[in-house]
Amino acid sequence: MRIVKQGYPFILTALLLALVLFAAFGIRFAVVPLVLACYFAYFFRNPDRSVTPDEHLLYSPADGTVMGVSELYDDEFLNAKAKKVTIFLSVLNVHVNRSPAEGMIKYQRYTVGHFLPAYNKNAAFENERFAMGIQNDRMKILVIQVAGILARRIDNWVNLGNHLDQGEVYGMIKFGSCTELVVPAEVEILCKKGDKVKGGITVLGRV
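If you're wondering where the values come from, they're calculated on a predicted model, not measured in any experiment. (Residues numbered from 1 in each chain as written. Predicted model: local features only at pLDDT ≥ 70, side-chain atom pairs only at ≥ 80, totals over all residues. Heavy atoms only, no water.)

Student: Looking at this structure, I do not really get the pairing of strand 16 (residues 203-206). What am I missing?
Tutor: Pairing of strand 3 (residues 57-59) with strand 16, which is carried by three bridges, proceeds in the antiparallel orientation. The residue bridging L58 from the neighbouring strand is G205, located in strand 16. Sheet analysis places strand 14 (residues 188-189) next to strand 16, joined by two bridges and oriented antiparallel. Opposite E188, over in strand 16, you have R206 as the bridge partner. (Pairing = 2+ DSSP bridges. Helix = DSSP H or I, 4+ residues; strand = E, 2+ residues; numbered from the N terminus.)

Right, dumping it as structure tokens:
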């Protein structure tokens, strides 16, 4: 178990506040920031996961609960009929995102928007979002990070032209969010609404 470096400012600030409150007022006043420090360490965790590469499978890009599976025409990256899996991440889920497949980043787009609750049906269209297109010699896929009412920051640590291994961590959304996976229509979807999934472990689709 590791903690991503983006979490350390939150953890250290809470610990410093706890120390100041303890010195000034005693242990009772330090409890809340200590609990927050523990929560931040928990939230920014990046568990070690052994991902078995398989070009015929698409792994979940996030931990959470499947909110729905739908069909659409994607004109953002695939430019073809597609299927979309939407995953809701609660504040207790692991929030790092992992690449569903091996490939090169061919597309990135950051869209400024609102901060509706991630479970709101309009969140995917109105909220702040970051879309990333991955391409290999078999297909194109699109992974979209959608901000929520508490998720005010989408962090990504990759750039156009970077190569991602299957299951590789590439970014995270802070404090409650939604992740979408858009795949070609011919991909067989192996999950359904209500399923619990884990990034880099749960198979969402088969090519």
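Student: Would you mind going over the sheet that holds strand 10 (residues 154-156) with me for this structure?
Tutor: Strand pairing in a sheet is mediated by backbone hydrogen bonds. Such pairs are either parallel or antiparallel. Taken in spatial order, the three strands make up an open sheet running 6-12-10, and their pairing is antiparallel. The outermost strands of the open sheet, each flanked by one partner alone, are strand 6 (96-98) and strand 10. Averaged over all adjacent pairs, the angle separating strand axes in this sheet is 25°, with direction ignored. Of the pairings in the sheet, the one linking strand 10 to strand 12 (residues 169-173) comprises three bridges and is antiparallel in character. Directly across from D155, in strand 12, lies its bridge partner M172. (Axes fitted to C-alpha atoms, helices over the stretch in contact; angles between N-to-C directions.)

Student: How should the packing of helix 1 (residues 8-25) against helix 2 (residues 27-43) be read in this particular structure?
Tutor: Two quantities define a packed helix pair, namely the angle between the helix axes and the distance between the axes. Following both chains from N to C, one finds helix 1 and helix 2 inclined at 170°, their axes separated by 7 Å at the closest point. When the axes of helix 1 and helix 2 are compared, the pair comes out roughly antiparallel. Contacts between helix 1 and helix 2 involve F10, I11, A14, L15, L17, A18, L21, F22 and F25 from the first element and I27, F29, A30, P33, L34, L36, A37, F40 and A41 from the second. Here the contact of helix 1 with helix 2 is composed, by residue class, of 18 nonpolar, no polar and no charged. (Parallel < 35°, antiparallel > 145°, perpendicular 65-115°, else oblique. Contact = heavy atoms within 4.5 Å. Nonpolar A, V, L, I, M, F, W, Y, C, P; charged D, E, K, R; others polar.)

Student: Looking at this structure, I do not really get the nonpolar core. What am I missing?
Tutor: For soluble globular proteins, the rule of thumb is that nonpolar side chains tend to be buried together. If you look at the biggest cluster of nonpolar residues, it comprises 27 residues, and the most contacted ones within it are L58, V85, M132, I141, L164, V183 and L204. The set of elements that each furnish at least two residues to this core consists of strand 5 (80-89), strand 8 (129-135), strand 9 (140-147), strand 12 and strand 13 (177-184). Leaving out residues up to four positions away in the same chain, I141 has contacts with L58, F77, L78, P100, A101, M132, G133, I134, L181, V182, V183 and P184. The next biggest cluster of nonpolar side chains, apart from the first, holds 11 residues, and it includes I11, F43, F44 and V96. (Core = buried A, V, L, I, M, F, W, Y, C linked by side-chain atoms within 4.5 Å. Buried < 20%, exposed > 50% of the residue type's maximum accessible area, 1.4 Å probe, protein only.)

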